[in-house]
Amino acid sequence: MFPINDLFLLNGLRENERQQVCAKLTETVDFERGEIIYDEAHFRNAIGVFLAGKGYAGDGSATKASFTEGDVFGAAALFGAGECYVSRIVAKTACRILFIPEESLRTIMEEYPVCAVNYITFLSQKIRYLNGKIAQYTADGASARLYRLLCDRADADGCVSAVNVSLLARLTGLGRTSIYRAMTELEANGLIERQNKNIFLRR
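Below, the structure is looked at part by part. (Residues numbered from 1 in each chain as written. Predicted model: local features only at pLDDT ≥ 70, side-chain atom pairs only at ≥ 80, totals over all residues. Heavy atoms only, no water.)

## Topic: the nonpolar core
So, step 1. Of all hydrophobic cores here, the largest spans 24 residues; its most connected members are Leu7, Leu9 and Tyr119.
So, step 2. Sorting the residues of this core by element identifies helix H1 (15-22), strand S3 (46-52), strand S8 (95-101), helix H2 (102-111) and helix H3 (113-138) as the ones contributing at least two each.
So, step 3. In this structure, Tyr119 is in contact with Phe8, Leu9, Ile47, Ala75, Leu78, Phe79, Leu105 and Met109, ignoring residues within four places of it in sequence.
So, step 4. Val163, Val165, Met183 and Leu201 belong to the second-largest nonpolar core, a separate cluster that totals 20 residues. (Core = buried A, V, L, I, M, F, W, Y, C linked by side-chain atoms within 4.5 Å. Buried < 20%, exposed > 50% of the residue type's maximum accessible area, 1.4 Å probe, protein only. Helix = DSSP H or I, 4+ residues; strand = E, 2+ residues; numbered from the N terminus. Contact = heavy atoms within 4.5 Å.)

## Remarks on the sheet that holds strand S11 (residues 198-201)
So, step 1. Taken together, three strands build an open sheet; the order of strands is S9-S11-S10 and the sheet is antiparallel. The open sheet is flanked by strand S9 (159-160) and strand S10 (192-195), the only strands paired with a single partner.
So, step 2. The pairing of S9 with S11 spans two bridges and is antiparallel. If you follow Cys159 over to S11, its bridge partner there is Phe200.
So, step 3. Taken strand by strand, helix H4 (residues 142-153) contacts S9, S10 and S11, and its axis lies near 90° from that of S11.
So, step 4. Taken strand by strand, helix H6 (residues 176-188) contacts S10 and S11, and its axis lies near 120° from that of S10. (Pairing = 2+ DSSP bridges. Axes fitted to C-alpha atoms, helices over the stretch in contact; angles between N-to-C directions.)

## Some remarks on the packing of aromatic side chains
So, step 1. Within the structure shown, the criterion is met by nine aromatic pairs.
So, step 2. A centroid spacing of 5.2 Å and a plane angle of 85° characterise the contact between Tyr38 and Phe73, whose relative ring orientation is edge-to-face. Of the two residues, Tyr38 is situated in strand S2 (residues 36-38) and Phe73 in strand S6 (residues 72-73); the sequence distance between them amounts to 35 residues.
So, step 3. Judged by relative accessible area, which is 0%, Tyr38 ranks as buried.
So, step 4. A centroid spacing of 5.9 Å and a plane angle of 10° characterise the contact between Tyr38 and Phe99, whose relative ring orientation is stacked. In this pair, Tyr38 sits in strand S2 while Phe99 sits in strand S8, placing the two residues 61 residues apart along the sequence. Across the pair, Phe99 and Tyr38 agree in class, each one buried.
So, step 5. Here the aromatic cluster, defined as three or more aromatic residues joined through ring pairs, consists of Phe31, Tyr38, Phe50, Phe67, Phe73 and Phe99.
So, step 6. In this structure, Arg44 packs its charged tip against the face of Phe99, placed 4.1 Å from the ring centre. (Phe/Tyr/Trp six-rings, centres within 6.5 Å; stacked < 30°, edge-to-face > 60°. Lys NZ or Arg CZ within 6 Å of the ring centre and 35° of its normal.)

Dropping the structure here:
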């Protein structure tokens, strides 16, 4: 179980301040495996924190991101998002989610400005990561072509299992040497992780 006291939003607060904020964070919801946590029809204007369990963003055939204890989602549902949310987040296992509504987040930021800085830092990290993925996905180089293929072939866990380099070379039109070089580049950029013959897409 992820301790709420370790939430990124509370970085820089004194212990008594952390306790005061944690006392405001009480809205938790349990989800069963396979249950939709967020999508266009099921969402709230709140960020969510995985306190327990795992989840993923995707449509079941392709995974955009994986979530585990301590991970945060839902920033796109806040501050002017209206009644629209574009991602679909599903419980991979039984989950417990802490929801922090926009109104509560505003109050916390007003009372503790450092929390506002922490939230801006969180959003900036997301933007940098997404910019990197966009650049990688839209580029024309070998690593970009391989990355697009891996995204298309990944399962709900973001895993491409039993990777066959010859098959990847054939599907991308690249040589085996280029495939190995592209894998090294993608791993160095934090976009994939290799474990034996499996490749995991990183968030």
